[in-house]
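# Coordinate analysis (summary)
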Amino acid sequence: EARDVPILVGSGVQLSQDRLKAMAKVDGRPQISAYGRISVLPELVIQGDVSFETGNIDFAGSILVGGVIQDGFKVKGGSLIAREIGKAEIDVEGDVMVYGGILGARVRTQASVKGTHIYASHIEAMGDVIVERGIVESRIRTSGKCIARRGTVLSSSIVARRGIEAQHIGSERSKPCTLGIGFDPIAERQAETCKALLMAERQELERQTARLESLK
């Protein structure tokens, strides 16, 4: 028999009594995570750049940047929309959508990344990484797909569990590309971290048990 799929909700959302409907508790931007969790996040709108005038951004909601996230700044939050990202550090739970390029940035997200092109950047995403033009000299790790249907991938290292799509990969003059598909590097790293934590907890339990026996 078919089983009903439970609705998973996050911040800003509540379930109805019959648990068949998800309803917003706050005004904001709806989003769904790579795990299927529905949230509604409040919005922070920055008309210009993320620069010395704004400082680093840490906001538990949707962040809309009308300009560029300049070099050296950090943005942490629920999701991000920006015109362009320079050599910045991005750590968000939701989607990262960039109308221009991602240029020398470090981006980590539990959802997808979308942009025009990616250059000299490190991207780690639980969802898809989608670009229009191309990926150059970058390192990408994703649990979804890496897609550059009309673009070129040059001198990059890409591991995508669900596959890689591009118009061209590599050239005679560029450095070789390294490609991996069919396995999830993020999940494997998280599993190794969990194993290490579990081992440490077991060792602590053994020490406490031995101490209890000595006290007895």
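Residues numbered from 1 in each chain as written. Predicted model: local features only at pLDDT ≥ 70, side-chain atom pairs only at ≥ 80, totals over all residues. Heavy atoms only, no water.

## So, the overall build of the protein chain
Regarding its fold elements, the protein chain presents 1 helix and 20 strands. Oriented by its inertia axes, the alpha-carbon framework of the protein chain measures out at about 70 × 50 × 45 Å. For the protein chain, buried positions account for 38% of its 216 residues. Contacts spanning at least 24 positions in sequence make up 11% of the contacts within the protein chain whose residues lie at least 6 apart. Accessible surface, the protein chain: about 13,500 Å² in total, of which carbon and sulfur atoms supply 50%. Each charge class in the protein chain can be summarised by its mean position, and for the 29 positive and 27 negative side chains these summaries are 2 Å apart. (Helix = DSSP H or I, 4+ residues; strand = E, 2+ residues; numbered from the N terminus. Buried < 20%, exposed > 50% of the residue type's maximum accessible area, 1.4 Å probe, protein only. Contact = heavy atoms within 4.5 Å. Areas by Shrake-Rupley, 256 points an atom, 1.4 Å probe, with all protein chains shown as cover. Lys, Arg positive; Asp, Glu negative; His and termini not counted. Charge placed at Lys NZ, Arg CZ, Asp CG, Glu CD.)

## What to know about the sheet that holds strand β5 (residues 37-41)
With respect to topology, 3 strands assemble into an open sheet ordered β1-β5-β4, the strand pairing being mixed. With partners counted over all chains shown, the strands left at the sheet margins are β1 (8-9) and β4 (29-32), one partner each. Looking at chain direction, β4 and β5 are connected through 4 bridges and run antiparallel. Bridge pairing in β5 places Q31 opposite S39. (Pairing = 2+ DSSP bridges.)

## What about the nonpolar core?
Grouped together as the largest cluster of nonpolar side chains are 32 residues, with contacts concentrated most on I69, L80, I85, I90, V96 and I102. Residues within four places of I90 in sequence aside, it is in contact with I69, V75, L80, I85, V96, R106, V107 and R108. (Core = buried A, V, L, I, M, F, W, Y, C linked by side-chain atoms within 4.5 Å.)

## Some points on the state of the cysteines
All told, the structure shown has 0 disulfides when counted by the stated rule. Here C146 stays free of any disulfide, with the sulfur of C177 as its closest cysteine sulfur at 10 Å. (Disulfide = S-S within 2.5 Å.)

## A word on unusual backbone geometry
With a phi close to 60°, R19 is a non-glycine residue in the positive phi region. Take R19: it is sitting in the loop between β2 (13-15) and β3 (22-24). Even without a glycine there, the phi angle at A120 is positive, about 50°. The residue A120 is located in the loop between β13 (113-119) and β14 (122-125) in this model.

## Some remarks on the pattern of salt bridges
Under the defined criterion, the tally for this structure stands at 7 salt bridges. R29 is the partner of E43 in a salt bridge, and the nearest nitrogen-oxygen pair spans 3.2 Å. Here E43, found in strand β6 (residues 43-46), pairs with R29, found in strand β4; they are 14 residues apart in sequence, far enough to count as distant. On the basis of relative accessible area, E43 is assigned to the partly exposed category, the value being 40%. Residue K145 pairs with E165 through a salt bridge whose shortest N-O separation is 3.5 Å. With K145 in the loop between β16 (139-142) and β17 (146-154) and E165 in strand β19 (residues 164-169), this pair connects stretches of sequence that are 20 residues apart. One salt-bridge network, held together by shared partners, links K145, R149 and E165. (Salt bridge = Lys/Arg side-chain N within 4 Å of Asp/Glu carboxyl O.)

## Some remarks on the side chain of T109
Position of T109 among the secondary structure elements: in strand β12 (residues 106-109). Among the polar contacts made by the side chain of T109, one reaches the main-chain carbonyl oxygen of G94 at a distance of 2.4 Å. Excluding its chain neighbours within four sequence positions, the residues that come into contact with T109 are V92, E93, G94, D95, V96, E124, A125 and M126. (Polar contact = N/O pair within 3.5 Å; in protein donor to acceptor, adjacent residues only side chain to side chain.)

## Here we look at the packing of aromatic side chains
Across all of its chains, the model carries 1 aromatic pair by this definition. Seen from their ring centres, F52 and F73 are 5.1 Å apart, and the 75° between their planes marks the pair as edge-to-face. Residue F52 is found in the loop between β6 and β7 (57-69), and its partner F73 is found in the loop between β7 and β8 (74-85); the two are separated by 21 residues along the sequence. A residue is classified by how much of its surface remains accessible, and F52, at 77% relative accessible area, is exposed. (Phe/Tyr/Trp six-rings, centres within 6.5 Å; stacked < 30°, edge-to-face > 60°.)

## Digging into the side chain of T116
With respect to the element layout, T116 can be found in strand β13. Judged by relative accessible area, T116 falls into the buried class, the value being 8%. Of note is the side chain of T116, whose polar atom sits 2.7 Å from the backbone oxygen of Y99. Sequence-distant contacts of T116, that is, excluding residues within four places in its chain, are made with V98, Y99, G100, V131, E132, R133 and G134.

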